[in-house]
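Examining the three-dimensional arrangement
Each chain, letter by letter, is given below.
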Amino acid sequence: MDSLNLRKLIRKYLSERPRNTIEISAWLANQMDSANSHSDITRILESDDHITRIGTVRKSGMRRTESPVSEWASNSWVEHHERNEAGQKKER
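Residues numbered from 1 in each chain as written. Predicted model: local features only at pLDDT ≥ 70, side-chain atom pairs only at ≥ 80, totals over all residues. Heavy atoms only, no water.

**Focus on the overall build of the chain**
The condition is simple: Every helix listed is a DSSP run of H or I at least four residues long, and every strand listed is a run of E at least two residues long, numbered separately from the N terminus. Using a 1.4 Å probe on the protein chains alone, a residue whose accessible area is under 20% of its type maximum counts as buried, one over 50% counts as exposed, and one in between counts as partly exposed. Whether two residues are in contact is decided by their heavy atoms: any pair within 4.5 Å suffices.
When helices and strands are tallied, the chain shows 4 helices and 3 strands. A buried classification covers 32% of the 92 residues belonging to the chain. Sequence-distant contacts, at least 24 apart, represent 50% of the contacts inside the chain between residues at least 6 apart.

Set out below in structure tokens:
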């Protein structure tokens, strides 16, 4: 699968909710025969203008997470939730 189609697939997956790098990698492995490593996935995510790193998690529920794992979201998800938070602050 080429890089553009892979990015589109990941964007759609992230439109539902944020996911960490390990979740994305495991999901991709189930979607196709993928030999991409976590660093390859990270490189793809970092280079996509439609995806944002929103933080890191230490306890992802996955094994081998001694170091923090990046959490990613689509820009549309981030924008939607920023609007909701702004609206809630105004109501208080």
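**Overview of the pattern of salt bridges**
Note the following rule: One side-chain nitrogen of Lys or Arg within 4 Å of one carboxyl oxygen of Asp or Glu is enough to make a salt bridge.
The final tally for this structure, using the stated rule, is 5 salt bridges. Between Asp48 and Arg11 there is a salt bridge, with its nearest N and O atoms 2.9 Å apart. One end of the pair, Asp48, is in the loop between helix H3 (38–47) and strand S2 (51–57); the other, Arg11, is in helix H1 (residues 3–16), and 37 residues separate them in sequence. When its relative accessible area of 4% is taken as the criterion, Asp48 is described as buried. Here Arg43 ties to Asp40 by a salt bridge, and the two come within 3.2 Å at their closest N and O atoms. One end of the pair, Arg43, and the other, Asp40, are both in helix H3, 3 residues apart, so they sit about a helical turn from each other. Overall, the relative accessible area of 52% leaves Arg43 in the exposed class. Using a relative accessible area of 24% as the deciding quantity, one classes Asp40 as partly exposed.

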